[in-house]
Amino acid sequence: MAIPWGLILLAAILIASVCVKQEIKEGIQYGARCAVFEAASLTFNPEVVTSAKQNLKEGIEFVAKTGKEGMKDLINDPQIKQDLKEALEFSGDKFRK
């Protein structure tokens, strides 16, 4: 008597697992589709594009300004000037020979 009930229970569990598996698969597909659509809508949103352009511009300006100040500091350093002068003299002497 237990064997038929066990088989019925096993069949019910298998059917339920197949249904749940399909629901999970559909849920993952739905989530991926929504993520793609949301990313695409943000990409073409004028506010986001304008903000990204402004941030990029400010970042480039900051890097240029910082690099310029750093180069000025290096060039004005007397030890660096002396090292550059010696390196240029050495390379000039090497090519003359």
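Residues numbered from 1 in each chain as written. Predicted model: local features only at pLDDT ≥ 70, side-chain atom pairs only at ≥ 80, totals over all residues. Heavy atoms only, no water.

1. Some thoughts on the overall build of the protein chain
Next up, step 1: In terms of regular secondary structure, the protein chain is built from three helices and zero strands.
Next up, step 2: Overall, the protein chain shows an N-to-C arrangement of helices and strands of α-α-α.
Next up, step 3: Against the globule reference of 13 Å for 97 residues, the protein chain gives a C-alpha radius of gyration of 35 Å, more extended than a compact globule.
Next up, step 4: Across its three principal axes, the protein chain shows a C-alpha extent of roughly 105 × 40 × 25 Å.
Next up, step 5: Each of the 97 residues in the protein chain was classed as buried or not, and the buried ones make up 0%.
Next up, step 6: If you sum the accessible surface of the protein chain, you get close to 9100 Å²; carbon and sulfur atoms cover 70% of it. (Helix = DSSP H or I, 4+ residues; strand = E, 2+ residues; numbered from the N terminus. Rg over C-alpha atoms; globule rule 2.2 N^0.38 Å. Buried < 20%, exposed > 50% of the residue type's maximum accessible area, 1.4 Å probe, protein only. Areas by Shrake-Rupley, 256 points an atom, 1.4 Å probe, with all protein chains shown as cover.)

2. What to know about helix 2 (residues 46-76)
Given 3.6 residues to a turn, an α-helix orients residues that are three or four positions apart in the same direction.
Next up, step 1: With 31 residues, helix 2 should cover 45 Å at 1.5 Å per step; its first-to-last C-alpha distance of 45 Å lies within 8% of that length.
Next up, step 2: Where helix 2 begins, the side chain of Asn 45 points an oxygen toward the backbone nitrogen of Glu 47, at a separation of 3.2 Å. (Expected span 1.5 Å × (residues − 1). Polar contact = N/O pair within 3.5 Å; in protein donor to acceptor, adjacent residues only side chain to side chain.)

3. Some points on the environment of Ala 2
Next up, step 1: Relative to the helices and strands, Ala 2 resides in helix 1 (residues 2-43).
Next up, step 2: By relative accessible area, Ala 2 is classed as exposed at 63%.
Next up, step 3: Sequence-wise, Ala 2 and Asn 76 are 74 residues apart; in three dimensions their C-alpha atoms are separated by 94 Å.

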